[in-house]
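# Chains, contacts and geometry: an overview
Each chain, letter by letter, is given below.
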Amino acid sequence: MKVLVVGASRGIGLEFVRQYRAEGAEVTATARDDAGLERLRGLGATGLRLDVADAASASGLAWQIEGAAFDVAIVNAGVTAHRASGLDAPTEADFDHVMRTNVLGPMRVLPQIADTGALARGGRIAVLSSRMGSIGARASTGSSLYRASKAALNSVLKDASLVLGERAICVALHPGWVRTDMGGAGAELDVATSVADMRRVIAGLAPGRSGSFLNHDGTTIPW
Ligand SMILES: NC(=O)c1ccc[n+]([C@@H]2O[C@H](COP(=O)([O-])OP(=O)(O)OC[C@H]3O[C@@H](n4cnc5c(N)ncnc54)[C@H](OP(=O)(O)O)[C@@H]3O)[C@@H](O)[C@H]2O)c1
């Protein structure tokens, strides 16, 4: 079993590395700084330096994973936005930061995973989306920029599933509201439970589920 986790220095990404290593998988994972890379190596993973929001850094992924034939690739890197309410316009700086990381980042990384033999035939690709990006399930407002970024990410994931066809199973996952730096101390789920759930969902994916938006418990979330 070979696994790639993009954005794994802490939180949900680091927990994916911990759990896949614990079950004996060969894991390659990325971080932006030395401390993050050190944590990954401490878990026995191969650490790669990667900033998905930086064009030069992100474009350097392909040659490092060429031919790796990962069974599972997880694109986890993401940032949240200021929790503006209603229709407050974001600043350009906030817009650029969130959209570059949450949308442009995966748009840069996914083709490199798909085009370089990095993914095993029939491999699984999961992007960490959020229920907050769902338009169909939306009942409240707030964090409009973050919501828009995850809705856009979902669109990118759907395209990836259509482009890759039978070559891969591609899904957008909602991890739940999870106790990490992003989710905060008051969140509902501990990170170990969320990641264990998502690993179970990824492992059980049938080809017919490619192009779906799934909760951590495997149920479908409306786009
Ligand atoms: N926690 C929740 O309740 C929740 C709910 C729904 C969805 N999600 C999604 O789940 C994913 C992980 O969330 P989390 O709670 O683990 O967040 P987190 O604790 O804030 O961790 C975010 C991770 O993304 C990395 N990252 C951020 N910007 C990056 C960039 N430009 N290039 C590469 N890596 C970058 C961070 O690396 P650094 O250490 O270098 O910053 C860190 O490893 C995100 O996509 C998030 O939107 C989380």
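This next bit is on the sheet that holds strand S1 (residues 2–6). Across the sheet, which stays open at both edges, the seven strands sit in the order S3-S2-S1-S4-S5-S6-S7 with parallel pairing between neighbours. Of all the strands in the sheet, the pair left with one neighbour each is strand S3 (46–49) and strand S7 (212–215). Between one strand axis and the next, the sheet turns through 20° on average, direction left out of account. Here strand S4 (residues 70–75) runs beside strand S5 (residues 119–128); their pairing, made up of five bridges, is parallel.

Bringing the pattern of salt bridges into the picture now. Throughout the structure, instances matching the rule amount to seven salt bridges. In this structure, the salt-bridge partner of Arg199 is Glu23, at a minimum N-O distance of 2.4 Å. You can see Arg199 sitting in helix H7 (residues 191–203) and its partner Glu23 sitting in the loop between helix H1 (11–22) and strand S2 (26–31), a full 176 residues away along the chain. With a relative accessible area of 47%, Glu23 lands in the partly exposed category. Its salt-bridge partner being Asp34, residue Arg49 comes within 2.3 Å of it at the nearest N-O pair. With Arg49 in strand S3 and Asp34 in helix H2 (residues 34–42), the pair connects residues that are 15 residues apart, well separated along the chain.

Before going further, it helps to spend a moment on the site of the ligand. Ser9, Arg10, Arg32, Tyr146 and Thr180 are the nearest of the 29 residues found near the ligand. Ser9 places a polar side-chain atom, nitrogen or oxygen, 2.5 Å from an oxygen atom of the ligand. Taking Thr180, its side chain carries an N or O atom lying 2.5 Å from an oxygen atom of the ligand. Here the ligand has 890 Å² of accessible area as a free molecule, and 94% of this is covered by the chains. Judged by the fraction of its atoms near the pocket grid, the ligand is located in the largest pocket. Put simply, the parts of the chain that give the shell around the ligand at least two residues each are H1 and helix H6 (144–164). Classifying every residue of the shell around the ligand by side-chain character gives twelve nonpolar, twelve polar and five charged.

Let's shift gears to the nonpolar core. Formed by 38 residues in total, the largest nonpolar core has its most connected members in Leu4, Ile65, Val109, Leu110, Ile113, Ile125 and Val127. Among the elements of the structure, S1, helix H4 (61–65), S4, helix H5 (92–115), S5, H6 and strand S6 (168–174) are those that each provide at least two residues to this core. Not counting chain neighbours up to four residues away, the residues in contact with Ile125 comprise Ala73, Leu110, Ile113, Leu119, Leu164, Ile169, Cys170 and Val171. Counting residues in each nonpolar core, the second largest holds 31 residues, with Leu14, Val27, Ala31 and Ile169 among its members.

Reading the values: the criteria
- Residues numbered from 1 in each chain as written.
- Predicted model: local features only at pLDDT ≥ 70, side-chain atom pairs only at ≥ 80, totals over all residues.
- Heavy atoms only, no water.
- Pairing = 2+ DSSP bridges.
- Helix = DSSP H or I, 4+ residues; strand = E, 2+ residues; numbered from the N terminus.
- Axes fitted to C-alpha atoms, helices over the stretch in contact; angles between N-to-C directions.
- Salt bridge = Lys/Arg side-chain N within 4 Å of Asp/Glu carboxyl O.
- Buried < 20%, exposed > 50% of the residue type's maximum accessible area, 1.4 Å probe, protein only.
- Near = heavy atom within 4 Å.
- Polar contact = N/O pair within 3.5 Å; in protein donor to acceptor, adjacent residues only side chain to side chain.
- Areas by Shrake-Rupley, 256 points an atom, 1.4 Å probe, with all protein chains shown as cover.
- 1 Å grid on protein atoms, 1.4 Å probe; cavity = no way out; pocket = protein on both sides within 12 Å on 5 of 7 lines; lining within 4 Å.
- Sits in = over half its atoms within 2 Å of the grid points.
- Nonpolar A, V, L, I, M, F, W, Y, C, P; charged D, E, K, R; others polar.
- Core = buried A, V, L, I, M, F, W, Y, C linked by side-chain atoms within 4.5 Å.
- Contact = heavy atoms within 4.5 Å.

None of the figures reported here should be taken as evidence of function without further support.
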